Amino acid sequence: MPMLPWLTRPVATNERDWVEEYARLPLVEWQGPDHVLLRNIRNFRYRTRDDYLPAWYDASYDLKQAQTVDVVASYWSGKAIAHLFLSFGFRDGRHLAISIETRRSQGQRYSTWRGFFKNYMLTYVLADERDLIGVRTDIRNEQVYLYPIQITSETVQALLLDYLRRIEKLRYQPEFYHTLMNNCTSNILQHAMAVAPQIKYNWKVLISGYADRYLYELGLLGEGPTFEQLKQRNRIVRPARTVIDDDFSRQIRRR
């Protein structure tokens, strides 16, 4: 006797009719202990929020060349909720942004409440900064902050490696997104704890809009100004009618 539809348990899967921005799963191909080919790095060019030119590319990286990592915090609705993601900087000037998001299928829209009930898959988006940051600063007009994290290059490389291992795992063992337990900030925290044991769970991570303050309190944003001064200094301010071009990564780091 077949099970009734409302009694069936949802099964995590990578096989659905995904919305275009999540259509391609990021792939990690190792070319040596420190060299990796990353496939399906997203680089959409947005004309409006819903009008864009889809594009992806592949790129090779030497993990030993990873030197810096920035935390990006983007606010779109008040001070309490933000989307956080990381961007890794390499010695050759390239940046690789990695955002942990809900992988939604066609017809789905994001809902905080639906995120409690196995409606979305969890995905790691590998992307160009012109895509992940540019759509937020120039298209959606969100309040976006870019915080350079004060850690050694060795810790940066360990953090990136931990991210890549998680991306590999999700390729073969997909997981459901959960609004509290398996979201962007909870996973960032897990990665951070893997390479920096002094970092612990904190309510400011659960209330994602305050996660940057927690980083400040840990001393990861450097010393000197007050948190309010530092936050204002690190806000990305884009002049009107600025074009997202090949110089975007350098432009957003001007202080």
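Before reading on, note that the structure itself is shown above.
All of these numbers come straight from a predicted model, not from anything done at the bench.

If you walk through the whole model with that rule in mind, you get 19 salt bridges. We note a salt bridge from Arg42 to Asp131, for which the minimum N-O separation is 2.9 Å. Here the residue Arg42 occupies a position in strand β2 (residues 35-42), and Asp131 occupies one in helix α1 (residues 129-132), the gap between them amounting to 89 residues. Like Arg42, the residue Asp131 is buried in the burial classification.

Quick look at helix α3 (residues 153-172) now. The end-to-end C-alpha distance of α3, which contains 20 residues, comes to 30 Å, matching closely the 28 Å that a straight helix rising 1.5 Å per residue would cover. The complete set of buried residues in α3 reads Ser153, Val156, Gln157, Leu159, Leu160, Tyr163, Leu164, Arg166, Ile167 and Leu170.

Formed by 48 residues in total, the largest nonpolar core has its most connected members in Leu38, Phe88 and Tyr163. Not counting chain neighbours up to four residues away, the residues in contact with Phe88 comprise Thr68, Val69, Arg94, His95, Leu96, Ile98, Val156, Leu159, Leu160 and Tyr163. Grouped together as the second largest cluster of nonpolar side chains are 14 residues, Val19, Val72, Leu132 and Phe248 included.

For the rest of this paragraph, the subject is unusual backbone geometry. Positive phi, close to 65°, is recorded for Asn40, a residue that is not glycine. Judged by relative accessible area, which is 16%, Asn40 ranks as buried. In this structure, Arg241 takes a positive phi of about 65° despite not being glycine. Among the secondary structure elements, Arg241 is positioned in the loop between α7 (227-233) and α8 (248-251).

All right, on to helix α4 (residues 184-195) then. Between its terminal C-alpha atoms α4 stretches 17 Å, which fits the 16 Å expected from 12 residues at 1.5 Å a residue. All of the buried residues in α4 are Cys184, Thr185, Ser186, Asn187, Ile188, Leu189, His191 and Ala192.

Judged by how many residues are buried, strand β8 (residues 95-103) sits mostly within the fold: nine of nine residues are covered. As defined by bridge partners, strand β7 (residues 83-90) adjoins β8 across four bridges and the pair is classed as antiparallel. Along β8, the bridge assignment pairs Phe88 with Leu96. Hairpin connection of β7 to β8: four residues between the antiparallel strands, including Gly93 at a positive phi of 95°. Relative to strand β9 (residues 121-127), β8 is paired through seven bridges, and the arrangement is antiparallel. Each bridged residue has a counterpart across the sheet, and for Ile98 the counterpart in β9 is Leu126.

Calculation rules
Residues numbered from 1 in each chain as written. Predicted model: local features only at pLDDT ≥ 70, side-chain atom pairs only at ≥ 80, totals over all residues. Heavy atoms only, no water. Salt bridge = Lys/Arg side-chain N within 4 Å of Asp/Glu carboxyl O. Helix = DSSP H or I, 4+ residues; strand = E, 2+ residues; numbered from the N terminus. Buried < 20%, exposed > 50% of the residue type's maximum accessible area, 1.4 Å probe, protein only. Expected span 1.5 Å × (residues − 1). Core = buried A, V, L, I, M, F, W, Y, C linked by side-chain atoms within 4.5 Å. Contact = heavy atoms within 4.5 Å. Pairing = 2+ DSSP bridges.

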